[in-house]
Amino acid sequence: MGKSYNVLIIGAGNIGAFFDMPYSKNVLTHAHAFSKVEGFNLLGFVDVDNKKAIEAANIWNAKAFESIEEAFTNNTIDIVSICVPDEYHYKILDEISIFSVKVVFTEKPLTKNLIEAKKIIQLYNENNIKCMINYSRRFVSQFEQIKNEIEEGKYGELLCGSGYYGKGILHNGSHLIDLLRYIYGEIKSTQTLSYNYDYYKDDASVSAILTFNNNSNFVIQNIPASNYTIFEIDLLFEKKRIRITDSGFKIEIQEVLDSNVFKGYKNIVKTSERKTELGEALENAVLNIYNHLKYGEKLKCNIHDAYEVIKICENLQSGRRL
Ligand SMILES: NC(=O)c1ccc[n+]([C@@H]2O[C@H](COP(=O)([O-])OP(=O)(O)OC[C@H]3O[C@@H](n4cnc5c(N)ncnc54)[C@H](O)[C@@H]3O)[C@@H](O)[C@H]2O)c1
């Protein structure tokens, strides 16, 4: 496959290193994805807790660095993965912008607020660093297919929709908002209905009405994380209904059929259910980075996509104070 790109992972926690092992079937960590996809060399880890960096390095056959500076001294680093908690994304994005890196692959959300996001966009433009954000469902072919089918008019106009999430509008709700923007389109206005702090003290889970450009409404509802984890989307179009369930591992399609009970009535009836490749999203994202570097393929989730999502989340959060 030619040149190997050197990779540094900052944050040796669950999604960085420990959600899976080299022998695991599913690829659930940045470490696994960069180890599995050809063309990358996983150089090592940096973590504020050096013991975690050492543990990760042992599992993934890489090095443990004591600091970002140490990692960049005497090494060419092409890719940096940022896998630290949300509140440190900005600090690390800022810190690595002085180095000559080709692509930064950061966990979502890009930053905790719009002011920080604007600064990072400016900094990365000035230093010509590309940034991809891990809104995982963008790297799943079945969602790309749905997006294309909607664009081709196979579903008709959107009538309305609803969805469930928990653990903060920015932390988890942003996945849902990003997926809606990706498969369907722009959200032109929002109306916050209620909120609660079910997980983070500074990231309320908001229930709200989102209105798309065609004036159809989507009701997003938070289910407090103490009950269970849920991520679902239901979109009702003129011709079909799409139900995204099981965090996005399943997509159910319903179609308009004549009722076989009530003559002359039409019902919406389940006609198919597909399993998605959500378990392969990280691997696909890393492949997207390789194809971008090698063949100029477009990055599937860029810094501007991430910025728009934060803007919507901030609207929703400020709405709760009105
Ligand atoms: N895309 C997804 O579906 C998905 C899934 C899970 C987590 N995430 C995101 O990944 C990020 C990390 O989540 P996690 O569950 O792996 O967290 P975690 O707490 O398991 O790991 C974070 C690691 O970062 C380290 N760390 C903290 N501050 C640091 C700093 N300044 N420099 C270096 N290391 C630092 C911690 O010591 C820890 O080892 C979060 O932003 C989360 O939103 C995304």
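Residues numbered from 1 in each chain as written. Predicted model: local features only at pLDDT ≥ 70, side-chain atom pairs only at ≥ 80, totals over all residues. Heavy atoms only, no water.

## Overview of the packing of aromatic side chains
Our working definition: For this analysis, a ring pair means two rings from Phe, Tyr or Trp (six-membered ring only for Trp) whose centres lie within 6.5 Å, classed as stacked if their planes differ by under 30 degrees, edge-to-face if by over 60, and tilted for the remaining angles. By definition, any uninterrupted DSSP run of H or I lasting at least four residues is a helix, any uninterrupted run of E lasting at least two residues is a strand, and each is numbered from the N terminus.
Scanning all chains against the criterion turns up 11 aromatic pairs. Between Phe-40 and Tyr-290, the ring centres sit 5.9 Å apart and the planes meet at 75°, which makes this aromatic pair edge-to-face. Placement of the pair is Phe-40 in strand β2 (residues 40–46) and Tyr-290 in helix α9 (residues 281–295), with a sequence separation of 250 residues. In textbook terms, an aromatic cluster arises when at least three aromatic residues are bridged by ring pairs, as seen for Tyr-5, Phe-34, Phe-40 and Tyr-290.

## So, the UniProt feature "domain: Gfo/Idh/MocA-like oxidoreductase N-terminal" (unreviewed entry) in the protein chain
The following threshold applies: UniProt positions are given in the numbering used here, feature names are shortened, and annotations may be inferred rather than shown by experiment.
Within the UniProt annotation, "domain: Gfo/Idh/MocA-like oxidoreductase N-terminal" (unreviewed entry) is assigned to residues 6–135. In residues 6–135, the share of helix is 38% and the share of strand is 21%. The end C-alpha atoms are 23 Å apart.

## Quick word on the nonpolar core
The condition is simple: Joining through side-chain atoms within 4.5 Å is the link that ties buried Ala, Val, Leu, Ile, Met, Phe, Trp, Tyr and Cys residues into a set, and such a set is a nonpolar core. Only protein chains enter the calculation, and the probe is 1.4 Å; a residue is then buried if its accessible area is under 20% of its type maximum, exposed if over 50%, and partly exposed in between. Domain limits in this description derive from either an automatic procedure or a database domain assignment. By the convention used here, residues are in contact when the closest approach between their heavy atoms is within 4.5 Å.
Grouped together as the largest cluster of nonpolar side chains are 99 residues, with contacts concentrated most on Phe-40, Phe-45, Ile-96, Val-104 and Ile-177. Composition of this core by domain shows at least three residues from each of domain 1 (5–135 + 281–301) and domain 2 (141–276). Non-local contacts of Val-104, meaning those with residues more than four positions away in its chain, are made with Val-80, Ile-82, Leu-93, Ile-96, Tyr-124, Ile-129, Lys-130, Cys-131 and Met-132.

## Here we look at the sheet that holds strand β14 (residues 266–275)
Spelled out, the test is: For two strands to be treated as a pair, DSSP must find at least two bridges joining them. Only the stretch in contact is used when fitting a helix axis, every axis being a line fitted to C-alpha atoms; angles between N-to-C directions are given from 0 to 180 degrees.
Reading across the sheet, the 8 strands line up as β8-β9-β10-β7-β11-β12-β13-β14 and stay open at both edges, with mixed pairing between neighbours. The sheet is open, and its two edges are formed by β8 (187–200) and β14, each paired on a single side. Averaged over all pairs of adjacent strands, the angle between strand axes in this sheet comes to 15°, irrespective of strand direction. As paired elements, strand β12 (residues 240–245) and strand β13 (residues 250–258) share 6 bridges and run antiparallel to each other. In the sheet register, Ile-242 faces β13, and the bridge partner there is Ile-253.

## Some remarks on the packing of helix α7 (residues 141–151) against helix α8 (residues 169–183)
Stated precisely, the cut-off is as follows: For classification purposes, angles smaller than 35 degrees are called roughly parallel, those larger than 145 roughly antiparallel, those between 65 and 115 roughly perpendicular, and all remaining angles oblique. Charged means Asp, Glu, Lys or Arg here, nonpolar means Ala, Val, Leu, Ile, Met, Phe, Trp, Tyr, Cys or Pro, and polar covers whatever is left, Gly included.
Axis separation between α7 and α8 bottoms out at 8 Å; the angle between their running directions is 45°. Looking at the two axes, α7 sits oblique to α8. Every residue of α8 that contacts α7 at Phe-143, Glu-144, Ile-146, Lys-147 and Ile-150 is listed here: Leu-179, Tyr-182 and Ile-183. Residue classes in the contact of α7 with α8 are distributed as 6 nonpolar, no polar and 2 charged.

## Comments concerning the pairing of β13
Counting the residues in the hairpin turn of β12 and β13 gives 4 residues, including Asp-246, whose phi is positive at 55°. Sheet topology places β13 next to β14; 9 bridges connect them, and they run antiparallel. Looking at the pairing, Gln-254 lines up with Lys-270 of β14.

## Some points on the domain arrangement of the protein chain
Our working definition: Buried area adds together the accessible area that both of two parts lose upon being put together, with accessible area traced by a 1.4 Å probe. Salt-bridge detection follows one rule: a side-chain nitrogen of Lys or Arg within 4 Å of a carboxyl oxygen of Asp or Glu. Here a polar contact is recorded for every N or O atom pair within 3.5 Å, except that within protein the pair must consist of a potential hydrogen donor and a potential acceptor, and residues adjacent in sequence are included only if both atoms are side-chain atoms.
Domain assignment breaks the protein chain into domain 1 (5–135 + 281–301) and domain 2 (141–276). Using C-alpha coordinates to define each centre, domain 1 is positioned 30 Å away from domain 2. Of the roughly 770 Å² buried at the junction of domain 1 and domain 2 (both faces included), carbon and sulfur atoms supply 49%. Broken down residue by residue, the surface that domain 1 buries against domain 2 is led by Lys-108, Lys-112 and Tyr-135, which jointly contribute 62%. Taken together, domain 1 and domain 2 are joined by 2 salt bridges. Across the pair Glu-144 and Lys-300 runs a salt bridge, and its minimum N-O distance is 3.8 Å. Across the domain 1-domain 2 interface, the total number found is 4 residue pairs in polar contact (both at pLDDT 80 or more). Classifying every residue of the side of domain 1 that touches domain 2 gives 2 nonpolar, 2 polar and 4 charged.

## Notes on the site of the ligand
What counts is decided by this rule: Nearness of a residue to a molecule or strand requires only that one of the residue's heavy atoms be within 4 Å of it. All accessible-area figures derive from a Shrake-Rupley calculation using a 1.4 Å probe, and residue coverage is judged against the displayed protein chains alone.
The environment of the ligand is formed by 22 residues, the closest being Ile-15, Asp-47, Asp-86, His-89 and Glu-107. In the model, an oxygen atom of the ligand is placed 3.0 Å from a nitrogen or oxygen of the Lys-108 side chain. Summarising the interface, the protein chains cover 80% of the accessible area of the ligand, which totals 870 Å² for the free molecule. Mapped onto the shell around the ligand, the elements with two or more residues apiece are α1 (14–18), α5 (89–96) and α8. Of the residues in the shell around the ligand, the class split is 9 nonpolar, 8 polar and 5 charged.

## Examining the environment of Thr-73
With respect to the helices and strands, the residue Thr-73 is situated in the loop between α4 (68–72) and β4 (79–82). A sequence separation of 231 residues divides Thr-73 from His-304, and the C-alpha atoms of the two residues are 31 Å apart.

## Observations concerning α8
Note: α-helices contain 3.6 residues per turn, so residues at a spacing of three or four share the same orientation. Put simply, the test is: To get the bend at a given residue, fit one axis to the seven residues ending there, fit another to the seven starting there, and take the angle between those axes.
For α8, the principal kink sits at His-175 and spans about 30°. Residue Gly-185 follows α8 closely and has a positive phi angle near 155°.

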